[in-house]
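The residues making up each chain are set out below.
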Amino acid sequence: MKMFNIQEELKKLPAKPGVYLMHDATDEIIYVGKAVSLKNRVRQYFQESRKVTPKIEKMISRIAWFEYIVTDSELEALVLECNLIKEHEPRYNTMLKDGKTYPYIKATIQEPFPRLLFSRELKKDGNRYFGPFTSAAAIRESIELVNRIYHLRNCNRMKKRPCLYHDMGQCPAPCQGYITEEEYRENFEKALKFLQGDTADIRREIQEKMKEAAERMAFEEAAVYRDQLESIRRVTERQKITSDERDDRDVVAMARSGDEAVVQVFFVRDGKVLGREHYYLTGVEYEKDEDVISSFIKQMYAGTPYMPKEIVVEKEFSDSKTILNWLSEKRGHKVYMTIPQRGQKERLLELAKKNAYMVLMQDSEKLRQERARTRGAMEEIEGLLGMEGQLHRVESYDISHINGFETVGSMVVFEEGKQKKNDYRKFRIRSVSGPDDYASMEEMLTRRFEHSKREGLSEGDSFAHLPDIIFMDGGKGQVHVCEDVLKKLEVDIPVCGMVKDDRHRTRGLYFRDEEIPIDTHGQGFHLITRIQDETHRFAIEYHKLIRSKSQTKSVLDDIPGIGPKRRQVLMRAFESLEDIKNATVDSLSEVPGMDRRAAEAVAEYFSQITPTR
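The structure contained in this document is the topic of the report that follows. (Residues numbered from 1 in each chain as written. Predicted model: local features only at pLDDT ≥ 70, side-chain atom pairs only at ≥ 80, totals over all residues. Heavy atoms only, no water.)

Spatially, 3 strands are ordered E5-E4-E6 in an open sheet, and the strand pairing comes out antiparallel. The sheet is open, and its two borders are formed by strand E5 (116-119) and strand E6 (128-130), each paired with just one other strand. Averaged over all neighbouring strand pairs, the angle between strand axes comes to 30°, with direction disregarded. Bridging between strand E4 (residues 104-107) and E6 involves 3 bridges; their strand directions are antiparallel. (Pairing = 2+ DSSP bridges. Helix = DSSP H or I, 4+ residues; strand = E, 2+ residues; numbered from the N terminus. Axes fitted to C-alpha atoms, helices over the stretch in contact; angles between N-to-C directions.)

Right, here's the structure in full:
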């Protein structure tokens, strides 16, 4: 992430609980942590007097930027930290990557005489789950307490005679028919309300007992009551990061000021918050909140391959039914829109709004700059090409080889001016021999767009999503090759060439058979340069990988007079293939098993190879 001044960003950290995510220069999440105070915890990493382990010191040296999510409690921060570590598996996190989960209370509501059980799994089994919680001991104590207060059974199966708990007055012995299902269910519903936080009466009762015990100087007994109150507090503390509703939903909230707004989206998958993203909007000063959200939702879901089952928003908007029909058709199943007034969804919506407001207040200048270099740059290119509002997804292609050796192709993807690395693709050219860039490009493009026409492609397949425009790393010739392939496959996508001057610098765009000059100081130009450099880098890296795997077994074998034995002695005599390339005929001929003719053949072969990239 560019334009990130760590010392400046540290000053903006709030003294609130939350989760922080450390990124390296490639945007990879390398560490996730929680904090009671984000301001204090994150700043500790960058203090000169810090005392950390060598592992954390190495992690700190790789931090390029960080982000954070504010929560309402340390419990929520802990649960969110767990979710994010399991989702991203950062290389410097170890404690929560072993599959351990936080515990739940399971209410077996489908049984005739339901029970409260300890569980470390959240299943879709028709039962109700409360949690997760941070203390397994507190859960077990609370289950025991609730069972005793509301007279619930705790046996695994109904026995043929009353057990000890009945003799102690803690179980009404439903196994003997001493209590009806209706009476038992009434007690159980009270227990569920207790777990939902309706604990005022029982708290007062225990507090009175604790006070009375203290007055009698029965301090050990009072301590037991004190511990019971703490168990109740832990087990009834509400959090909204993980839900027992296992659906996928996006929670969309907005904060605005003047002509600017930030929309925060929490991504809830399988009932857990697994990520968030914020979006910077401008031109909203005279727009109603519901119109801004409506416009945002249409733009966001037009360009995303995944559609959740539910979208949680703050307000209903006039065209919500039309949008829901469109989203449902896009998803293939019904999409719901919820405007919660209370409960967990409403609290999660408030948390998203709080984070949106914080981003808007603290990061507005950074967001303006980021938007200018991404979506703003795309808008500049749209204006340059006369395609206002039409460009969201860009694909760019390049070819790399050395004199036709091991030719490869690359496809990179940018959406809204940002890299989308998950959609990058590599191609190993199969049917072209020799340095023929046009034929290689034709093969790569044909394979890519033939793939997109297959039936039954999943939403996760990057080939299933066609670009709004194709950028070719070259001018007229490369553009026409691409246009010919698209025409043959009956695919209608505009193609634009990124033209370079004699110094290999971008000088303009070739579009619709004319070269269009471009302002080299504008954001559009810088984005085109980034796309061009990224396409070139990705192709070169893949070619190096292929070459490193094959050069020792095939490059030398292609030289007349050099067979497997001579290849082995050459590789033993020299440390690398580069050393063989730079060796003189005399030094090559001195290698055991080599003669003058073979040495001259090696030297002549490498003298003819000059990189084209």
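That covers the picture; the talk isn't over yet.
Turning to the side chain of His-451, a few remarks are in order. Inspection of the secondary structure assignment puts His-451 in helix H14 (residues 437-452). With residues near it in sequence (within four places) discarded, His-451 still touches Leu-457, Asp-461 and Phe-463. (Contact = heavy atoms within 4.5 Å.)

With antiparallel pairing, 3 strands are arranged side by side in an open sheet as E2-E1-E3. Each of the sheet's edge strands pairs with one partner strand only, and the pair in question is strand E2 (29-35) and strand E3 (65-70). Recorded for the sheet is a direction-independent mean angle of 20° between the axes of neighbouring strands. By the bridge criterion, 6 bridges tie strand E1 (residues 18-23) to E3 in an arrangement that is antiparallel. Bridge assignment links Gly-18 to a residue of E3, and that residue is Val-70. On the sheet, helix H4 (residues 74-88) packs against E1, E2 and E3 and is oriented at approximately 165° with respect to E2.

Next up on the list: the packing of aromatic side chains. The full count for this structure, using the stated rule, is 8 aromatic pairs. Ring centres of Tyr-605 and Phe-606 lie 5.4 Å apart, and the angle between their planes is 80°; this geometry places the pair in the edge-to-face category. Here the aromatic residues Tyr-20, Tyr-31 and Tyr-45 are joined through ring pairs into a cluster of three or more. It is Arg-140 that lies over the ring of Phe-118; its NZ or CZ is 4.0 Å from the centre. (Phe/Tyr/Trp six-rings, centres within 6.5 Å; stacked < 30°, edge-to-face > 60°. Lys NZ or Arg CZ within 6 Å of the ring centre and 35° of its normal.)

Before going further, it helps to examine the side chain of Arg-375. With respect to the secondary-structure elements, Arg-375 resides in helix H13 (residues 375-385). Within the structure, Arg-375 has its side chain in polar contact with the backbone oxygen of Leu-391 (distance 2.8 Å). Here Glu-416 takes part through its side chain, which lies 2.6 Å from a polar atom of the side chain of Arg-375. Other than its neighbours up to four places away in sequence, Arg-375 contacts Glu-382, Leu-391, His-392 and Glu-416. (Polar contact = N/O pair within 3.5 Å; in protein donor to acceptor, adjacent residues only side chain to side chain.)

Time to look at the environment of Tyr-68. With respect to the secondary-structure elements, Tyr-68 resides in strand E3. For Tyr-68, a relative accessible area of 11% puts it in the buried group. For the pair formed by Tyr-68 and Leu-38, sequence separation is 30 residues and the distance between their alpha carbons is 8.0 Å. (Buried < 20%, exposed > 50% of the residue type's maximum accessible area, 1.4 Å probe, protein only.)

Taken residue by residue, a regular strand's side chains alternate between the two faces of the sheet. The buried count for E1 comes to 6 of 6 residues, which makes it a mostly enclosed element. Side chains of E1 alternate between two faces, with Gly-18, Tyr-20 and Met-22 and Val-19, Leu-21 and His-23 buried alike. Pairing of E1 with E2 involves 6 bridges; the strand directions are antiparallel. In the strand pairing of E2, Gly-18 is matched with Ala-35. In this structure, the hairpin formed by E1 and E2 is closed by a connection of 5 residues, where Asp-27 is found at a positive phi of approximately 75°.

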